[in-house]
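Here are the chains, one letter per residue:
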Amino acid sequence: MNELKQHLIKLIDLQGPIPLSLYMAEALGNPEHGYYMKQDPFGASGDFITAPEVSQMFGEMIGLWMAQNWLNMGSPSRVHLAELGPGRGTLMADILRAMKIVPGLQDALTVHLVETSPTLRGVQTEKLAPFTEPLWHDRLSEILETDRDGPLFLVANEFFDALPIRQFQKGDKGWHERLVGLDTSGTDLRFVLSPEPVMTPDLVPDALIRAEPGAISEICSAAENIVRDLAEHLKDHGGVALFIDYGHDHHSTGDTFQALEKHEYVNVFEKPGDADLTAHVNFQRLKECAESIGSRVLGPVTQGDFLTAVGIEQRARSLLLKADEKQKADVMSALKRLISPEEMGSLFKVMALIDPGIPQPTGF
C-alpha cells in the first residue's frame, strides 16, 4: 500500500467518507504524491498516449484551424494562445510549427500554458524552446484576469477528462452521492452511498430524473466552471476555445470513472497517485453551461469528422510524397487511429466556443 493510500485511509477513518472529487484531486494533484505532480505519464513508456503523441498531423490541423480564425478576425496584432494541460508540449509545438506559414501570426502571439506539474513544465520548456518561451500559470483565471489586450485562442485536449468528478446513484427516495469510504475491515477503500439523498436539484440533469434505480450520474463542476468563465471572457474580449476529449454528446447514465496504468485498466482504489484517473466528458452539459452565458457554441462533432473537414487526409497525402515505406505505413496507421470510428474517431468529440463576430469556421 502506497503512502497516499495510507493517508486517505487515515483521513476517512477520522472524518468519514469523502466525495469522489476529493479522492481524484488528491490522487492526481497531491503536491507530493499526486500522479501528475511526480512523473511524465505520456507516450509509449507512460500510462497512456494522447492524440498529439500519435502524429504531428493532429496538432498541425488545430494550428491551421486557429490560424484561419485569426485571419477571419482581421489578423489582430496581439493574441493570447493558451493550452490547458499541455502534457509534454507536443500539441503546442505542432500548433506553432503549423502557424509559421501564416505571415504575421507568430509575431502576434503570446503563449500561455496552464500546468501545475513541475516535471511537465521542464519537459515543455525543452519542447517549445525552438518556437517560444511560454508563460506558465497554475490556473486559467490568471490568464483571464490579466491578459485582456487581445483575443484568446485556447485549446484543451484531453484535459476535462482528468478533472475531479462527483457521482450520484438513483435510489428509491432520490439520488444519493457515491462517496469513498472504508471497507468493513477498515483497511481498504470502497464506494459507499450518502445516507440521505442530495437535495440540490441541479446536480442531476432534468433529462435523467426518470432514470432507473441504481443508475449513476456524473458531474464535473470544475469543467463547467471553466467553460462558463471562458464563455464570459470570449464574449467580452473575443477569440475561440477548442475542446477535444472523449465523452458523450448527450445526457446519459453510467459509471465511466476509470484508472489506467501502463496502458492497462486497474482498480480505481488500488494505487492512488500511481495510476491515471479519468471519466468521460458530458459535452451536452458543457454546451448548456456555455449557452447559459450567451456563448456561441459549435458542435460537439466527432474528432474524425472534425479532422477530416479541416484537411487531415490532404496533409497525410502530402507527407506520403516525401516518405519511405516505413514512414508511409506510420502515417497511414496514425491517420486511421485519429479518424477511424473504430479507434479515436468517434469516441473523441470536438466542441468550440467562438466569438459571435467570427465567420463560421471549418470543421463544424
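Residues numbered from 1 in each chain as written. Predicted model: local features only at pLDDT ≥ 70, side-chain atom pairs only at ≥ 80, totals over all residues. Heavy atoms only, no water.

Visitor: Go over the overall build of the protein chain, please, and point to the residues and values.
Guide: Along its length, the protein chain carries 14 helices and 16 strands. Its C-alpha atoms give the protein chain a radius of gyration of 21 Å, near enough to 21 Å, the size a compact globule of 364 residues would have. With the C-alpha coordinates of the protein chain rotated into their principal frame, the extents come out at 65 × 45 × 40 Å. Residue burial in the protein chain is summarised as follows: out of 364 residues, 55% are buried. Taking the intrachain contacts of the protein chain between residues at least 6 apart in sequence as the baseline, contacts between residues at least 24 apart amount to 75%. Per element, the accessible surface of the protein chain, about 16,000 Å² overall, is 50% carbon and sulfur. Here the protein chain contributes 32 positive and 52 negative side-chain charges, whose respective centroids are spaced 3 Å apart. (Helix = DSSP H or I, 4+ residues; strand = E, 2+ residues; numbered from the N terminus. Rg over C-alpha atoms; globule rule 2.2 N^0.38 Å. Buried < 20%, exposed > 50% of the residue type's maximum accessible area, 1.4 Å probe, protein only. Contact = heavy atoms within 4.5 Å. Areas by Shrake-Rupley, 256 points an atom, 1.4 Å probe, with all protein chains shown as cover. Lys, Arg positive; Asp, Glu negative; His and termini not counted. Charge placed at Lys NZ, Arg CZ, Asp CG, Glu CD.)

Visitor: Which residues make up the environment of P197, and what values go with them?
Guide: Positionally, P197 belongs in the loop between β8 (189–193) and β9 (216–219). By relative accessible area, P197 is classed as buried at 17%. Residues P197 and H176, spaced 21 residues apart in sequence, show a C-alpha to C-alpha distance of 4.4 Å. Setting aside anything within four residues of it in sequence, one finds P197 in contact with K173, G174, W175 and H176.

Visitor: For the nonpolar core, give the residues involved together with the corresponding values.
Guide: Of all hydrophobic cores here, the largest spans 54 residues; its most connected members are Y23, L154, F160, L230, F243 and L353. Counting residues per element, this core draws most heavily on helix α9 (residues 221–237), which supplies six residues. Judged by nonpolar contacts, the second largest core, of 50 residues, contains L91, L96, I339 and M344. (Core = buried A, V, L, I, M, F, W, Y, C linked by side-chain atoms within 4.5 Å.)

Visitor: Tell me about the sheet that holds strand β11 (residues 258–261), residues and numbers included.
Guide: Two strands in a sheet stick together by hydrogen bonds in their backbones, pointing the same way (parallel) or opposite ways (antiparallel). As summarised here, the arrangement of the three strands in space is β12-β11-β13, forming an open sheet in which the pairing is antiparallel. Only two strands of the sheet have a single partner each, and these edge strands are β12 (264–266) and β13 (276–278). Pairs of neighbouring strands in the sheet enclose a mean axial angle of 40°, with direction left out of account. Across three bridges, β11 lies against β12 in antiparallel orientation. (Pairing = 2+ DSSP bridges. Axes fitted to C-alpha atoms, helices over the stretch in contact; angles between N-to-C directions.)

Visitor: Any chance you could break down helix α7 (residues 118–128) for me, citing the residues and the numbers?
Guide: Listing the buried residues of α7 in full gives L120, Q124 and L128. Down the axis, α7 shows its buried residues gathered within 60° of arc, on one side only. Away from its buried face, by an angle of more than 90 degrees, α7 presents the exposed residues P118 and E126. Where α7 is buried, its residues touch α5 (90–99), β3 (109–114) and β4 (135–137). (Arc of directions from axis to C-beta.)

Visitor: Describe the pairing of strand β6 (residues 166–171), listing the residues and the values that go with them.
Guide: Looking at chain direction, β6 and β9 are connected through four bridges and run antiparallel. Along β9, the bridge assignment pairs R166 with I219. In this structure, β6 lies alongside strand β7 (residues 174–182), joined through five bridges in antiparallel fashion. What sits directly across from G171, in β7, is G174.

By themselves, these observations are geometric and do not establish any function.
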